[in-house]
Amino acid sequence: VVRQVLLKDKNAPPEVWSWFPVLGNTIWYGMDPFDFFFTCKEKYGDVFTFILLGRRVTVCLGTKGNEFILNGKLKDVNAEEIYTGLTTPVFGEGVVYDCPNSKLMEQKKFVKFGLTMEAFQSYVDLISSETRSFVEKGKVFQAHSGKIDIVPTMAELTIYTASRSLQGPEVRAKFDSTFADLYHDLDMGFSPINFMLSWAPLPHNRKRDIAQKKMTDTYMEIIKQRRDAGGKREKGDEDMIWNLMGCTYKDGTPVPDREVAHMMIALLMAGQHSSSSTSSWILLRLATRPDIQEDLLEEQKRVLGEDLPPLTYENLQKLTLNAQVVKETLRLHAPIHSILRKVKSPMTIVANTPTTTKTYQIPTTHTLLSAPGVTSRESEFFPDPMTWEPHRWDEGHPLAYTRMGMDKEEFEDYGYGMISKGASSPYLPFGAGRHRCIGEQFAYVQLGAVLATIVRLVKLRQIEGKELVPTDYSSLFSRPMAPAVVEFEKREKA
Ligand code: HEM
């Protein structure tokens, strides 16, 4: 510590004080990252460094900070060195962060091109019918009214809807038998302790490794069976396995079956936590706002017809408020609160401090942390930011996002559109730049179809005297603190 203090570069960002040399501010950050970020921002400005489990982590806030990190050049910032220890034992080798960035870019393109209009058209039908049977025939909503524990309920529904659509019929069928346990064991690989100890021969890591191998074998068997049956994709075969089986890298190599299997596992794991956390927050927020539930049903009747026809991809696009509920929920409850990068060459940033602006040099010993959830909670951009109000995205609403003097078109381009483009937007729940999420459209289809279906079938209500639960930041993806129980009542006519 003495050496570090003596050698401290005077151009380095200010460092958050802590009594503990290795632990630093790990606990404060880990318990409530937004409290930590906002408190430090007030004291030090947009850029500051803190100690996270022995690492020096430099946080860059504000729209400039988001841009600086998320649009950082490949020679300056690196994601795979940070994430690979955690993700490779879970996803498997040769994919995502266990390969050069250029290969990841090709893999992301394969997935993106597989998410075609036809695919989404078939998914909406599959997701809404899966949701309907979950509510009507499943164990959770058996009675006419009662209480449900939202987090496990939405975890289950998310896995059924994602596997039925993106993952394909064989994987969906396996979730009724062996896959649920394998998934659970594999998921243990994402325990936060594994940020440091993913290599360690601990019991949960042994289970993870066994599950990883079995899951890979299962996917490879599905691929083999499809090839043995002629390998011909029929109309309506829109799942991602079919798509990846037909993809070829730029150098002419077809994607090996093992890599298809590993990519499918990566999609399963990446999508599951983020979507199930978001859908849980959607239902918990709706339980506090019965008026929005009625607005949503009204919207469906007005736009689609009183008799509520089956949902399709086309008519889902017309449900503006439905999408705004998802959008507003992601503003306050994005499941990924911190995005990390390793600094590869010294970087310079001009930062706002509470009194002036300063130029800082960030050395290669530091890790960078971007938290776009901070800008999406700032009144500078979103009036009364902590109020969950889906109507704030309506034209002319009193809480409408600030327009910063731009016209609507400029504003949408700036990144407020349903699919935000630039990294300079204050609203980036799906990240930005080369590592930006490829699951955004799928997530909107999945969350939108689940929401529109549930609103038709049940009403939700906060239990009297109970408050909205706080956020549980203790796992890699933040989610509502369990148990998060609300009351439901089935609607008379669905
Ligand atoms: C990347 C958020 C759903 C697959 C990301 C990143 C964010 C994010 C913030 C950037 C991470 C970084 O820069 O380090 C979300 C949210 C979701 C969601 C909020 C849902 C509400 C999904 C789904 C899938 C998916 C459904 C798969 C079908 C991925 C992949 C990456 C990614 C493959 C790329 C990682 C990279 O290039 O480094 N997501 N995601 N996500 N997400 Fe999502």
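Definitions and cut-offs
- All residue numbers refer to position in the chain's written sequence, counted from 1.
- With the structure being a predicted model, the display of local features is reserved for residues of pLDDT at least 70 and the display and counting of side-chain atom pairs for 80 or more, all residues being used for whole-chain, interface and lining totals.
- Hydrogens are left out, water is left out, and the side-chain values use all remaining heavy atoms of the structure.
- Here, strands pair whenever DSSP counts at least two bridges between them.
- Secondary structure is summarised from DSSP: a helix means a run of H or I of at least four residues, a strand means a run of E of at least two, and numbering begins at the N terminus for each.
- Fitted lines through C-alpha atoms give the axes, limited to the stretch in contact for helices. The angle between two N-to-C directions lies from 0 to 180 degrees.
- Contacts between residues were defined by any pair of non-hydrogen atoms, one from each residue, lying within 4.5 Å.
- A helix's residues, less one, multiplied by 1.5 Å, set its expected span.
- The cut-offs for exposure are 20% and 50% of the maximum accessible area for each residue type, with area from a 1.4 Å probe on protein chains only; residues under the lower value are buried, those over the upper are exposed, and the others partly exposed.
- Near is defined per residue: the residue qualifies when any heavy atom it owns lies within 4 Å of the molecule or strand.
- Polar contact is the term for a pair of N or O atoms within 3.5 Å; when the atoms are in protein, one must be able to donate a hydrogen and the other to accept it, and sequence-neighboring residues count only if both atoms are side-chain atoms.
- These domain boundaries are the output of an automatic or database domain assignment.
- Throughout, the accessible surface (probe 1.4 Å) given up by two parts as they are put together, summed over both, is called the buried area.
- We define a salt bridge as a side-chain nitrogen of Lys or Arg found within 4 Å of a carboxyl oxygen belonging to Asp or Glu.
- Basically, the charged four are Asp, Glu, Lys and Arg, the nonpolar ten are Ala, Val, Leu, Ile, Met, Phe, Trp, Tyr, Cys and Pro, and anything else, Gly included, counts as polar.

1. Some thoughts on the sheet that holds strand β9 (residues 458-461)
Spatially, β4-β12-β9 is the arrangement adopted by the three strands of the open sheet, whose pairing is antiparallel. Each end of this open sheet is capped by a strand with a single partner; those strands are β4 (145-149) and β9. On average, each strand axis in the sheet is inclined to that of its neighbour by 35 degrees, with strand direction left out of account. In this structure, β9 lies alongside strand β12 (residues 485-490), joined through four bridges in antiparallel fashion. The partner of Val 458 across the bridge, within β12, is Lys 490. Against the sheet, helix α8 (residues 150-167) makes contact with β4 and β12, and its axis sits at roughly 80 degrees relative to β4, the strand it touches most.

2. Here's the deal with helix α20 (residues 440-457)
The end-to-end C-alpha separation of α20 is 26 Å, in line with the 26 Å expected for 18 residues at 1.5 Å each. Most of α20 is tucked away: 17 of the 18 residues are buried.

3. Topic: the site of the ligand
Lining the immediate environment of the ligand, one finds 24 residues, of which Tyr 97, Lys 108, Arg 341, His 435 and Cys 437 sit closest. One nitrogen or oxygen atom from the side chain of Tyr 83 is found 3.2 Å from an oxygen atom belonging to the ligand. Lys 108 places a polar side-chain atom, nitrogen or oxygen, 2.6 Å from an oxygen atom of the ligand. Mapped onto the shell around the ligand, the elements with two or more residues apiece are α6 (101-114), α14 (257-288), β5 (339-343) and α20. Broken down by element, the shell around the ligand gets its largest block of residues, five residues, from α14.

4. Focus on the domain arrangement of the protein chain
For the protein chain, the assigned domains are domain 1 (1-70 + 339-378) and domain 2 (78-336 + 429-490). For domain 1 and domain 2, the distance between their C-alpha centres works out to 32 Å. Tallying the contact residues gives 16 residues for domain 1 and 16 residues for domain 2. Of the roughly 1,500 Å² buried where domain 1 meets domain 2, counting both sides, 56% is carbon and sulfur surface. Together, Leu 70, Arg 341 and Lys 342 form the three largest contributors to the area buried by domain 1 at its contact with domain 2, with a combined 31%. In this structure, the connection of domain 1 to domain 2 is made through one salt bridge. Glu 81 is paired through a salt bridge with Lys 344; the nearest N and O atoms lie 2.7 Å apart. Seen at the junction of domain 1 and domain 2, the total is five residue pairs in polar contact (both at pLDDT 80 or more). Put simply, the parts of the chain that give the side of domain 1 that touches domain 2 at least two residues each are α2 (26-31), α3 (33-44) and β5. Among the elements that make up the side of domain 1 that touches domain 2, the one with the highest residue count is β5 (four residues). Of the residues belonging to the side of domain 1 that touches domain 2, the class tally is seven nonpolar, three polar and six charged.

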